[in-house]
Amino acid sequence: MAQHSTHPGGASRVRRRALLGTAVLAVLVALAGLAAYLTREGRSPSDTAAPPPSSPTASLPSAAPSGPHTQPRALPVPPKTHDPITYGKAAVAALWSYDTRAYSQPELRKALRGWLTKESKYADPASVDQAVPSAVLWKEMAANKQFATAKVNEGHFPHAFTQALQDDPGAITQAYVYAVTVSGKQSIRWKGASAGGAESRSTTLAVQCRPNHSCALVGVMPSVAP
């Protein structure tokens, strides 16, 4: 049962988290596109795109496991790149992966938060935290030495996002936040299992790539934009 904090700072933290999430959405609303998608408004896909195109494959730190005795994996480290799609693929691979044999739940949360932009008015850490299993669930998974790996198949700018950039190319120059949708597969294994489970997944991220700066994560969008 949820408990309501009487500490005056508790309400402030809740309001701040809501404002951070709103800030991420506001950036994309300013670019149109995703706002229309997330409110379920119809929009025709565009075949032309202002941003650079995606490559179907890329070398990423995470890959599908080769067997039940796969070696423990290190905590994810963000890549140094100026390409929002390359960064988005790496970020999704990190978000879909975990290894209870190698590190704790707080360590993974801290590592993933390290991918976030240092510009606090855009960063949405709560959306990243939600990608990490809860402390209670982590304890249960750790007892079974459970781990998950990711195979990223494709990344692209959502159709609505590219159309919005076409309509107003200058809009992105305020925050340089790009929407990136990534598709792939998450595979899960655990102690003593000769086989594990796998499922196809897709995630839309907000990625910031300012000129002359490496890309950084803004947050995970609540819905997948095609």
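In the block above lies the structure referred to throughout.
What you are looking at is a predicted structure, and each value in this text was computed from that prediction instead of being measured.

**A look at the overall build of the protein chain**
- Broken down by element type, the protein chain carries 7 helices and 5 strands.
- When the helices and strands of the protein chain are listed from N to C terminus, the series reads α-α-α-β-α-α-α-β-α-β-β-β.
- Going through the 226 residues of the protein chain one by one, you find that 45% of them count as buried.
- Here the contacts in the protein chain between residues at least 6 apart in sequence split such that 75% fall between residues at least 24 apart.
- Put simply, the protein chain shows about 12100 Å² of open surface, and 55% of that area lies on carbon and sulfur atoms.

**Focus: the side chain of S127**
- Note on placement: S127 falls in helix α5 (residues 125–129).
- Of the residues examined, S127 reaches a relative accessible area of 9% and is grouped as buried.
- Within the structure, the side chain of S127 is placed 3.0 Å from the backbone nitrogen of V220, a separation counted as a polar contact.
- Not counting residues within four places of it along the chain, the set of residues in contact with S127 comprises G219 and V220.

Parameters at a glance
Residues numbered from 1 in each chain as written. Predicted model: local features only at pLDDT ≥ 70, side-chain atom pairs only at ≥ 80, totals over all residues. Heavy atoms only, no water. Helix = DSSP H or I, 4+ residues; strand = E, 2+ residues; numbered from the N terminus. Buried < 20%, exposed > 50% of the residue type's maximum accessible area, 1.4 Å probe, protein only. Contact = heavy atoms within 4.5 Å. Areas by Shrake-Rupley, 256 points an atom, 1.4 Å probe, with all protein chains shown as cover. Polar contact = N/O pair within 3.5 Å; in protein donor to acceptor, adjacent residues only side chain to side chain.

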